[in-house]
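Fold and contact review
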Amino acid sequence: MRGDPEHEYTRGTLCPKVNGFERTVHAPGRLLHPLIRTGPKGQGAFRRASWDEAVALIAQRWQALIAAHGRECLLPYTYAGTMGLIQRNAQEPLMHRLGASLLDRTICTSAQNAGWEQMMGHTPGSDPEEAVHSDLLFLWGINALATNIHFLTQVKAVKRNGGQVFLIDTHRQATAAHADRVFLVRPGSDGALALGMLHLLVREKRVDRAYLAREALGWDELERQVLPEHPPERTAALTGLSVEDVVFLARSYGNARAPFIRLGGAPSRYGNGGLNTRALICLPTAVGAWAKKGGGLLSSTNTGGAFDLRSFVRPDLLPGRTRTVNMNRLGHALNELDGPRVMSLFVASSNPAAVAPDQNAVLRGLGREDLFTVVHERFMTDTALYGDVVLPAPTMLETADLYRAYGHFYAQRVRPVIPPLGESRSNWETIQALARAMGLTDEVFQLSADEHIDLMLSKRTPWLDGVDLDALNRGEAVKLNVPRGKWLTPSGRIEIKNERLPEPLPRHRPTHADQDGDALPLRLQTAPALYRLNSSFTERAELSKKLGPQTLRLSPADAAVRGLTSGQRVTGFNAQGEVSFVLEVTDAIPSGIAVAEGVHSIQQGNARNVNGLTSQRLADTGGGSTFYDNRIDVRAEA
Ligand SMILES: Nc1nc2c(c(=O)[nH]1)N[C@H]1C(S)=C(S)[C@@H](COP(=O)(O)OP(=O)(O)OC[C@H]3O[C@@H](n4cnc5c(=O)[nH]c(N)nc54)[C@H](O)[C@@H]3O)O[C@H]1N2
Ligand SMILES: Nc1nc2c(c(=O)[nH]1)N[C@H]1C(S)=C(S)[C@@H](COP(=O)(O)OP(=O)(O)OC[C@H]3O[C@@H](n4cnc5c(=O)[nH]c(N)nc54)[C@H](O)[C@@H]3O)O[C@H]1N2
Ligand SMILES: [Mo]
C-alpha cells in the first residue's frame, strides 16, 4: 500500500497507520467467519457458525424482541470504522424500515458542526489548499502531526513563503515543533480568547466595518453587548495567557494580510463547545479574512450536500415517530432508558466499549444477559467480546464505496482491490442478508453497492456541477465543485446573531469542569494518538509498540505535590471510575492538566481505558461529546 503521488492534495503521503495497511488486512486476528457466543459475555468464548445460521438467528431474535417490546427496542450503533458513504450508512435503510430507535451520531465534532451551522448555515469551510497563501496560520486545537498530516504540507509552505505559524493548545504537543509560537490556554477557554481578541480588534480599529455591514448580521449587538465584557485583563484571567500574549495575538491577527485558522475539534469537546466555535468564527468575519486569498477558517470540510443519499438511506421508510438515542449516552441507553428498554444492539464500524464515554456504564450495559448484541467487525474488539453474534467484516481494500474526504474537498470512488478475506462481508451485503432473512423485499435492498453509487451520482447537486464524473468513476480523486461566493444561511449573511437560538450571540460560558469546582484538581485531556485511529490499529504490534503503554502525563509540579515520579503506575480517578496508567512527568504539560493520548484496548493489559474517566454529559449544542471536559485526581498505585 502506498500513497498516490498524483493526488493533488495528499501528494503520496500516507499516515503511519495506513502505511503498511496490508499488515492490517492480513493481520493474524482478522475475523474470517461468523461466531456465536458460547460462554459468559465479555469472555470471548465463541463457536464458529455459518452465515446462514448467524443471520437466521439474528432475524428470529429481532422478530421476537420487536413483537414483545416494540420496534424501538432495537438500537443501531455505528460510526467511523469506514467513512464511505455506502458502507458507513448501510444499516440506515434496514433500521428505518424496521423502525428501530434512531442513533444520533454525535461522538465526534457535533457541537462544532452545530456551532458552525448556527452561524454559517451550509457554507463550506475555507479550502485547505488555499492556506498556503496565508501569512499567518493558526493551528488552533489541532495536533496536525498526528491527526491531519497532510495539512502539515500547508504549514511548511506557509513558513517557506515567509509566513508565521501559531499553535494554540492546552499543552505542548507534537505539532508544537512546527510552530513559530505556541500559546497554551486553559481547556475550553478558546471562545473567551476569541472574544478578547475581538475586543482588541475593535479598540485598535482593525475591524472591517464595511465588510461586516455587508456580509454579517448582529455585529453591532456583539460589539455593544458582549465584547465590553472581554478586556485583555479578563481574557488573560479566563485563558491563563498573559495580557501581553493576548494583545500580541490580537495585533498579529489584526495586522495579518490573510490570517487562516485551521480549527481542530478540541475546543468543541467541552460543555461550551458550540459557543467556543461561534466565537472563533467571528474572528475571520470581523477582519473580512474570508474574502482574502489565503485567509479564512476551516473546521470540517462539510461536504454533506455533495451527494444525495436519500435514495440509499431512505428516511421515508420510517414507520412513524421514532425516538432518537444520543450515541454519547450509550451507557444511559443500555442501563436506564425505558419505554421500551433497549433489548438489542447492532454494532457496526464502531467500538463503543472502548470509544464511548463513561466506559464503566457502557460495559455494564453490554454485560446485560437480556441484551442481544450483534457486532459486525474486522477484529475481536473490546465490543465484539460482548457480542452474542459476531459477523466478519472486510477492510476498506475489500469493498466498493464512494468517499468524501476528511480534510480536503476531493472525492473518490473505489472498487475492491482484493475480494473479501475469508467469509467476511461488507456492511451493505450484511444488511442485504439481514433484510432477506427478515422477509423484506423493498427494492432498496436488492441493489448492489455499485448500483446505489450510480444512482447517487445520477442525482445532480451543485457540488457535482462541472465535475468529471467519468474520472470519478474511473477511480481518480476529483475535486468537488465547492459552492463559493455566498453564505448558505437563512438570511444570506454570516449570522453572528442568530435569533433562533437560546443564546443568540456568541458568549463566554464556563465548561463543565469549571462548574464542577476544584475538588478534583486536574483537568483531563484525552486527545488522539499518532499511532492509533481512535481505538483502531491495535492489531498492528509495531504501532502498539510505538504507542507504548497507557500513559498519563503530568507537570513536574503536579507530580511533586503527590510524590509521584515518571515510570511508576498511578491511578486516575473521579466519579466515573478509576483507570490505571504509567506516569510520565514532563514540562510539556502545564500544571492543572493531565493528558492521556490514545484510546487503548482493555485486552492489552488495561482493566479500563481513559474513557473510564470521561462522562456522558453533553456539549451545549448538537448533542456533542465532552471528552476533554472532565476532572480527575491521581494517586500512586500500591
Ligand atoms: N493519528 C490519529 N489521527 C486521527 C485520529 C486518531 O485517533 N489518531 N482521529 C481522527 C478523528 S475521528 C478526529 S475527529 C480527528 C481529531 O483531530 P484533531 O481535531 O486534531 O484533534 P482534537 O481531538 O481536536 O485535539 C487536538 C489538540 O487539541 C488540544 N486541546 C484540547 N483541549 C483544548 C482546548 O480547550 N483548546 C485548545 N486550543 N486545544 C485543546 C489537545 O491537547 C490536542 O493536542 O482526528 C482524526 N485523525
Ligand atoms: N477518550 C476519547 N474517546 C474518544 C475520542 C477521544 O479523542 N478521546 N475520540 C472520539 C471520536 S472523535 C470518534 S470519531 C470516535 C470514533 O469511534 P469509532 O467510530 O468506534 O472508531 P474506532 O475506534 O476506529 O472503531 C471503528 C471500528 O470499526 C471497524 N471497522 C472498520 N472498517 C469496517 C467496516 O467496513 N465494517 C465494519 N463492520 N467494521 C469496520 C474497525 O475494526 C474498528 O474496530 O471515538 C471517540 N472516542
Ligand atoms: Mo472523530
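Up top you'll find the structure we're talking about.
As the structure is a computational prediction, the values presented were derived from the model and not from experiment.

Let us look at empty space enclosed by the protein. Enumeration according to the criterion identifies one cavity of 30 Å³ or more in this entry. What the largest cavity holds in volume is close to 70 Å³. What lines the largest cavity is simply Pro 76, Thr 78, Gln 91, Glu 92, Met 95, His 96, Ser 101, Leu 102, Leu 103 and Arg 105. Every element with two or more residues in the lining of the largest cavity is listed here: β3 (74-78), α4 (91-98) and β4 (102-104). Of the residues forming the lining of the largest cavity, the biggest block, four residues, is contributed by α4. Class assignment of the residues belonging to the lining of the largest cavity gives a composition of four nonpolar, four polar and two charged.

Around ligand 1 sit 31 residues, and of these Thr 147, Ala 266, Arg 269, Arg 532 and Tyr 628 come closest. At a separation of 2.8 Å, a nitrogen atom of ligand 1 approaches a polar side-chain atom of Asp 190. Relative to its free-state accessible area of 910 Å², ligand 1 is covered by the protein chains to the extent of 95%. When its residues are assigned to classes, the shell around ligand 1 shows 15 nonpolar, 11 polar and five charged. A domain-level breakdown of the shell around ligand 1 finds at least three residues from each of domain 2 (111-299) and domain 3 (512-636).

What follows deals with the sheet that holds strand β15 (residues 401-404). In spatial order, the strands read β15-β16-β17; together these three strands make up an open sheet with antiparallel pairing. Sheet topology places β15 and β17 (478-479) at the edges, where each strand pairs with a single neighbour.

Taking 1.5 Å of rise per residue, the 19 residues of helix α2 (residues 51-69) would be expected to cover 27 Å, and the 26 Å separating its terminal C-alpha atoms lies within 8% of that figure. Buried within α2 are the following residues: Trp 51, Ala 54, Val 55, Ile 58, Ala 59, Trp 62 and Leu 65. Each buried residue of α2 sits inside an arc of 140 degrees when the element is viewed along its axis, so together they form one side. Exposed and facing more than 90 degrees away from the buried side of α2 are Asp 52, Ala 67 and Ala 68. In the core, the buried residues of α2 are packed alongside β3, α4, β12 (344-348), β13 (372-377), β14 (389-392) and α18 (427-437). Of the residues trailing α2, Gly 70 is marked for its positive phi of about 95 degrees.

This part is about the site of ligand 2. Taken together, the neighbourhood of ligand 2 is formed by 29 residues, with Ala 80, Glu 377, Asn 427, Ser 535 and Ser 536 sitting nearest. In the model, an oxygen atom of ligand 2 is placed 2.8 Å from a nitrogen or oxygen of the Ser 350 side chain. Burial of ligand 2 by the protein amounts to 96% of the accessible area it has alone, namely 920 Å². Class assignment of the residues belonging to the shell around ligand 2 gives a composition of 13 nonpolar, 13 polar and three charged. Shared between two domains, the shell around ligand 2 holds at least three residues of each, these being domain 1 (31-108 + 307-396 + 424-462) and domain 3 (512-636).

Turning our attention to the side chain of Glu 72. Locating Glu 72 in the fold gives a position in the loop between α2 and β3. For the buried Glu 72, which has no salt bridge, the nearest side chain bearing the opposite charge is Arg 71, at an N-O separation of 4.8 Å. From its side chain, Glu 72 meets the backbone nitrogen of Arg 323 in a polar contact 2.5 Å long. Residues in contact with Glu 72, not counting those within four places in the same chain, are Gly 99, Ala 100, Ser 101, Arg 321, Thr 322, Arg 323 and Pro 340.

Looking now at the nonpolar core. Ranked by internal contacts, the top residues of the largest apolar core, which has 54 residues, are Trp 62, Leu 94 and Phe 307. In terms of residues, this core owes the most to one element, α2, which gives seven residues. Those residues in contact with Phe 307, other than ones at most four positions away along the chain, are Leu 85, Leu 402, Arg 404, Ala 411, Leu 457, Leu 464 and Leu 480. The next biggest cluster of nonpolar side chains, apart from the first, holds 48 residues, and it includes Leu 201, Tyr 211, Ile 281 and Leu 297.

Let us now look at the packing of helix α8 (residues 190-203) against helix α11 (residues 232-239). At a closest axis distance of 9 Å, the pairing of α8 and α11 adopts a crossing angle of 165 degrees. In terms of orientation, α8 lies roughly antiparallel with respect to α11. For the element pair α8 and α11, the recorded crossing hand is left-handed. The residues of α11 that touch α8, namely those facing Ala 192, Leu 193, Gly 196, His 199, Leu 200 and Arg 203, are Pro 232, Thr 235, Leu 238 and Thr 239. Classifying every residue of the contact of α8 with α11 by side-chain character gives five nonpolar, four polar and one charged.

Let us look at the layout of surface pockets. Here the second largest pocket defines a volume of roughly 410 Å³. Taken together, 22 residues line the second largest pocket, and the ones lying closest to its centre are Ser 126, Trp 290, Ala 291, Arg 484 and Gly 485. Classifying every residue of the lining of the second largest pocket gives eight nonpolar, seven polar and seven charged.

Turning our eyes to something else, we now look at the sheet that holds β13. What the six strands build is an open sheet, ordered β2-β1-β14-β13-β12-β3; its pairing is mixed. A strand with exactly one partner marks an edge of an open sheet, and here the two such strands are β2 (46-48) and β3. Taking the axes of each pair of neighbouring strands and ignoring which way they run, one obtains an average angle of 20 degrees across the sheet. Relative to β12, β3 runs parallel, the two sharing five bridges. The residue of β12 that forms the bridge with Leu 74 is Ser 344. α2 rests against β1 (35-37), β2, β3, β12, β13 and β14 of the sheet, and its axis sits at about 135 degrees to β14.

So, about the pairing of strand β16 (residues 410-414). Direction of pairing for β15 relative to β16: antiparallel, over a ladder of four bridges. Bridging from a neighbouring strand, Leu 402 pairs with Arg 413 of β16. Sheet topology note: the β16/β17 ladder contains two bridges and is antiparallel. Bridge pairing in β17 places Ala 411 opposite Val 478.

Cis geometry marks the peptide bond from Gly 339 to Pro 340; its omega dihedral reads -10 degrees. Within the fold, Pro 340 resides in the loop between α15 (330-335) and β12. Within the chain, Phe 537 stands out as a residue other than glycine whose phi angle is a positive 85 degrees. Within the fold, Phe 537 resides in the loop between β19 (522-525) and α22 (541-547).

All right, on to the pattern of salt bridges then. Two side chains bearing opposite charge may form a pair once their charged atoms approach each other closely. In the structure shown here, the tally under the stated rule is 37 salt bridges. The shortest N-O distance in the salt bridge between Arg 37 and Glu 369 comes to 3.7 Å. A residue pair is termed long-range when its members are at least 10 positions apart, and Arg 37 in strand β1 and Glu 369 in the loop between α17 (359-366) and β13 qualify at 332 residues. Between Glu 503 and Arg 509 there is a salt bridge, with its nearest N and O atoms 2.5 Å apart. Members of the salt-bridge network, linked through shared partners, are Arg 37, Lys 41, Glu 369 and Asp 388.

Rules and cut-offs
- Residues numbered from 1 in each chain as written.
- Chains lettered and ligands numbered in written order.
- Predicted model: local features only at pLDDT ≥ 70, side-chain atom pairs only at ≥ 80, totals over all residues.
- Heavy atoms only, no water.
- 1 Å grid on protein atoms, 1.4 Å probe; cavity = no way out; pocket = protein on both sides within 12 Å on 5 of 7 lines; lining within 4 Å.
- Points joined across faces, edges and corners; volume = space filled by probe spheres on them.
- Helix = DSSP H or I, 4+ residues; strand = E, 2+ residues; numbered from the N terminus.
- Nonpolar A, V, L, I, M, F, W, Y, C, P; charged D, E, K, R; others polar.
- Near = heavy atom within 4 Å.
- Polar contact = N/O pair within 3.5 Å; in protein donor to acceptor, adjacent residues only side chain to side chain.
- Areas by Shrake-Rupley, 256 points an atom, 1.4 Å probe, with all protein chains shown as cover.
- Domains from an automatic or database assignment.
- Pairing = 2+ DSSP bridges.
- Expected span 1.5 Å × (residues − 1).
- Buried < 20%, exposed > 50% of the residue type's maximum accessible area, 1.4 Å probe, protein only.
- Arc of directions from axis to C-beta.
- Contact = heavy atoms within 4.5 Å.
- Lys, Arg positive; Asp, Glu negative; His and termini not counted.
- Salt bridge = Lys/Arg side-chain N within 4 Å of Asp/Glu carboxyl O.
- Core = buried A, V, L, I, M, F, W, Y, C linked by side-chain atoms within 4.5 Å.
- Axes fitted to C-alpha atoms, helices over the stretch in contact; angles between N-to-C directions.
- Parallel < 35°, antiparallel > 145°, perpendicular 65-115°, else oblique.
- Left-handed = near helix turned anticlockwise from the far one by under 90°.

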